Amino acid sequence: MLTDIEIAQQAQMKNITEIAESIGISADEIEPYGHYKAKISDKVLDRLKDKPDGKLILVTAVNPTPAGEGKTTVSVGLGEAMAKIGKKAIVALREPSLGPVFGIKGGAAGGGYSQVMPMEDINLHFTGDMHAITAANNLMCAMLDNSIQQGNELQIDPRRVLVKRCLDINDRALRNIVCSLGGKLNGVPREDHFCITVASEVMAILCLAEDLFDLKQRLGNILVAYTYDGAPVYCKDLKANGAMTVLLKEAIKPNLVQTLENTPAIMHGGPFANIAHGCNSIRATKAALKLADYTVTEAGFGSDLGAEKFLDIKCRFAGLTPACIVLVATVRSMKYNGGVPKERLQEENLEALQKGSVNLGEHIENLKKYGVPVVVAINHFYADTEAEIAFVEQFCQEKGADFAVTKCFAEGGAGGTALAEKVVAACEQENHFHHLYPDEMPVYEKIETIAREIYGADGVNYTKEAKQAIDGFIALGADSMPVCMAKTQYSLSDNPQLLGRPKHFRITVTSASLSNGAGFIVCLAGNVMTMPGLSKSPSAFRIDVDENGNTVGLF
């Protein structure tokens, strides 16, 4: 089979104006970036604001394994399959980060014959949104250090600076640095840090902002530091949020592209789900809901991270109600959770499959707690046997979830029609969507609720540093905010080695931060890096240009 990029380079794309017209957007309502991608103008959202919403379908997954589950591939394939069965659908996804693209995880545009086009552009610079977010964040940091240098009128304590500079590349050398060395003219020396752009609060704010003016207000509310007296200092105190908003004026507009089968796709925003809230922008999702009868969106990593944050943070802020949740799993992932090493996952092993099914079972049970119909999608691989598929189907039935096998990677939309039919039926079922916890629940109880109900933990431990930070945020009035948990994606617990369905464990909140502009408290459990590093053999080794100037090695 061809590689992802070889398939993408043979794609027959339509001009972006044709894609726009297919969903009722005129040529003067988009801002083209070349022939195959465009920004959707504010005029579209204004024109459609009173139109009824379509059905919202969330695609999530079990805990990721080294074998890969293909959540984005299934999301894209489901959107294409909807068109195959005569439904008007849009795929609404996040933008890829250059960190994973050149690192180890890969891109975020799907794979095989279920990809979003133009794949090279999307996975690299796209329309410049990531660069704009990086620039806006770093402008804020530069203005903070300049404020300290120019007399420190705000009395900022250099030891209590909270905001981090960012870069959209995996670079462990920047996690902990000392800046402003070299004498008085270069500023006040202090310890500083970098996070990856997709983990920044500016990224979260862009994805949660309702409009440009909400964006400006949220940026102004970023807690940047404390004074020597312990008083909070906000971004608006630096007078930085206006200039930051100007840098983000184009980036806040959703991006319109297409799949390999010319299904419309809106890609916008890209926060990580293990260290951020992991969902595409509210503006993109709301636009898709107005433009199509079915919107297929996804949340990063497993349902314990991305889906929980989608349902408890994004849906809470945006007033969204999902009509159906698709839970992606693979036979391979279940066998891996049952103790089979990666190199032997292609062998039939019903005993390991049964043992590892507890991980899938936990995810089904967790999602059903939200009152939304759940459909399990088994992403099919060539080595899956009939006996293994039959076991998973029976298991899902016992758990009260519908089930479909998908072959979107190899067959595109045609490989997802069975799933599409199940999803359409699920969208018509009774829906009693509710959040896991109410706004008024105290922060510590929210953390305990997520740990017990979603992770299956016995309770939560806090380091002295974390408790002190959370108590400080409560004193600032943050007790009513939702909680964004940051932890390993590989386990339901905060220990990546605990596979399956861990029991009799407690999670440890090691640190906490307040994303005051975004509107939530972030709690880091275990050892989570907000700036990833490159592996010994990163994908960057294999990405190149050939003698004709074509990109090669990009998945």
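Residues numbered from 1 in each chain as written. Predicted model: local features only at pLDDT ≥ 70, side-chain atom pairs only at ≥ 80, totals over all residues. Heavy atoms only, no water.

(A) Molecular detail of the overall build of the protein chain. Looking only at helices and strands, the protein chain has 19 helices and 25 strands in total. For a compact globule of 555 residues, the expected C-alpha radius of gyration is about 24 Å, and the protein chain comes in at 23 Å, within 12% of that figure. The principal-axis extent of the C-alpha atoms belonging to the protein chain is close to 70 × 60 × 50 Å. Taken across its 555 residues, the protein chain has 58% of its residues classed as buried. Expressed as a percentage of contacts within the protein chain between residues at least 6 apart in sequence, the contacts between residues at least 24 apart total 75%. On the protein chain, roughly 21600 Å² of surface is accessible, and the fraction owed to carbon and sulfur atoms is 51%. Positive and negative side-chain charges in the protein chain, numbering 54 and 66 respectively, have mean positions lying 3 Å apart. (Helix = DSSP H or I, 4+ residues; strand = E, 2+ residues; numbered from the N terminus. Rg over C-alpha atoms; globule rule 2.2 N^0.38 Å. Buried < 20%, exposed > 50% of the residue type's maximum accessible area, 1.4 Å probe, protein only. Contact = heavy atoms within 4.5 Å. Areas by Shrake-Rupley, 256 points an atom, 1.4 Å probe, with all protein chains shown as cover. Lys, Arg positive; Asp, Glu negative; His and termini not counted. Charge placed at Lys NZ, Arg CZ, Asp CG, Glu CD.)

(B) Representation of the sheet that holds strand β13 (residues 232-234) in the model. Strand order in the open sheet formed by 3 strands is β7-β12-β13, and the pairing between neighbours is antiparallel. Edge positions in the sheet fall to β7 (156-161) and β13, since each has one partner strand and no second. The mean angle between the axes of side-by-side strands here comes to 50°, regardless of whether they run parallel or antiparallel. (Pairing = 2+ DSSP bridges. Axes fitted to C-alpha atoms, helices over the stretch in contact; angles between N-to-C directions.)

(C) Quick peek at the sheet that holds strand β20 (residues 459-462). Here we have 4 strands laid out as an open sheet, ordered β20-β22-β23-β21, and mixed in their pairing. This sheet does not close on itself; its edge strands, each paired only once, are β20 and β21 (483-486). Strand-to-strand twist across the sheet, computed as the mean angle between neighbouring axes with direction ignored, equals 40°. Sheet topology places β21 next to strand β23 (residues 520-525); 4 bridges connect them, and they run parallel.

(D) Summary view of the packing of aromatic side chains. Evaluated as defined, the whole model comprises 2 aromatic pairs. Centroid distance F391 to F395: 6.3 Å. Interplanar angle 20°. Geometry classified as stacked. Separated by 4 residues within a single helix, F391 and F395 lie in helix α15 (residues 386-398), roughly one turn from each other. Overall, the relative accessible area of 12% leaves F395 in the buried class. Pairing Y444 with Y462 gives two aromatic rings, centres 5.2 Å apart and planes at 85°, and the pair type is edge-to-face. Of this pair, Y444 sits in helix α18 (residues 443-455) while Y462 sits in strand β20, placing them 18 residues apart in sequence. Since its relative accessible area comes to 23%, Y462 is described here as partly exposed. Residue placement shows K236 over the ring face of Y234; its charged tip is 5.8 Å from the ring centre. (Phe/Tyr/Trp six-rings, centres within 6.5 Å; stacked < 30°, edge-to-face > 60°. Lys NZ or Arg CZ within 6 Å of the ring centre and 35° of its normal.)

(E) Spatial organisation of helix α17 (residues 417-426). By the burial criterion, the buried members of α17 are L419, A420, V423, V424 and A426. Along α17, the residues classed as buried sweep out an arc of 160° about the axis, all on the same side. Buried positions along α17 lie against β3 (55-61), α4 (71-84), β16 (294-298), β17 (324-329), β18 (374-379) and β19 (402-406). (Arc of directions from axis to C-beta.)

(F) A look at the packing of helix α8 (residues 201-208) against helix α9 (residues 212-220). Relative to each other, α8 and α9 sit at 150°, their axes nearing to 9 Å. Accordingly, the angle class assigned to the pair α8 and α9 is roughly antiparallel. Between α8 and α9 lies a crossing of right-handed hand. On the side of α8, the interface is formed by V202, I205, L206 and L208, while α9 contributes D214, L215, R218 and L219. In the contact of α8 with α9, the residues fall into 6 nonpolar, no polar and 2 charged. (Parallel < 35°, antiparallel > 145°, perpendicular 65-115°, else oblique. Left-handed = near helix turned anticlockwise from the far one by under 90°. Nonpolar A, V, L, I, M, F, W, Y, C, P; charged D, E, K, R; others polar.)

(G) Spatial organisation of the pairing of β17. Buried residues dominate β17, accounting for 6 of its 6 residues. Of the two faces of β17, both are covered, the one formed by C324, V326 and V328 as well as the one formed by I325, L327 and A329. Sheet topology note: the β3/β17 ladder contains 5 bridges and is parallel. Bridge pairing links T60 to L327 in β17. Sheet topology note: the β17/β18 ladder contains 5 bridges and is parallel. Within β18, the residue paired with L327 across the bridge is V376.

(H) Expanded view of a nonpolar patch on the surface. Together, M1, L2, Y113 and F409 make up an exposed nonpolar region whose accessible area comes to about 380 Å². Tracing the sequence through the fold places Y113 in the loop between β5 (110-111) and β6 (114-117). (Patch = residues over 30% accessible without salt bridge, like charges linked within 9 Å, V, L, I, M, F, W, Y side chains within 5 Å. Salt bridge = Lys/Arg side-chain N within 4 Å of Asp/Glu carboxyl O.)

(I) Examining the pattern of salt bridges more closely. Tallied over the full model, the rule gives 27 salt bridges. Between K369 and E453 there is a salt bridge whose closest N-O contact spans 3.0 Å. Residue K369 is located in the loop between α14 (350-368) and β18, and its partner E453 is located in helix α18; the two are separated by 84 residues in the primary sequence. On the basis of relative accessibility, which here comes to 33%, the residue E453 falls in the partly exposed class. The network of salt bridges with common partners includes D145, R165, R190 and D192.

(J) Structural detail: the nonpolar core. With 114 residues, the main nonpolar core has V224 and L360 as its most contacted residues. Ranked by residues supplied to this core, first place goes to helix α7 (residues 129-149) with 8 residues. If we skip the residues at most four places from it in the chain, V224 touches M140, L144, V161, L162, V163, V233, Y234, C235 and L238. In terms of nonpolar packing, the next biggest core, distinct from the first, is built from 23 residues, I57, V59, A61 and M82 among them. (Core = buried A, V, L, I, M, F, W, Y, C linked by side-chain atoms within 4.5 Å.)

(K) The environment of G278, seen in detail. Take G278: it is sitting in the loop between β15 (264-267) and α11 (282-291). G278 sits 183 residues away from N461 along the chain, and the two C-alpha atoms are 24 Å apart. Contacts of G278, omitting those with residues within four sequence positions, involve R94, P271, F272, A273, E298, A299 and G300.

(L) Structural detail: unusual backbone geometry. Note that the residue after M117, namely P118, is joined by a cis bond; omega there is -5°. Secondary-structure assignment places P118 in the loop between β6 and α6 (119-123). Not every positive phi belongs to a glycine, and Q155 is a case in point at roughly 60°. The phi dihedral of S180 is positive, around 70°, even though this residue is not glycine. Tracing the backbone shows S180 in the loop between β9 (177-179) and β10 (190-192). The class for S180 is buried, based on a relative accessible area of 18%.

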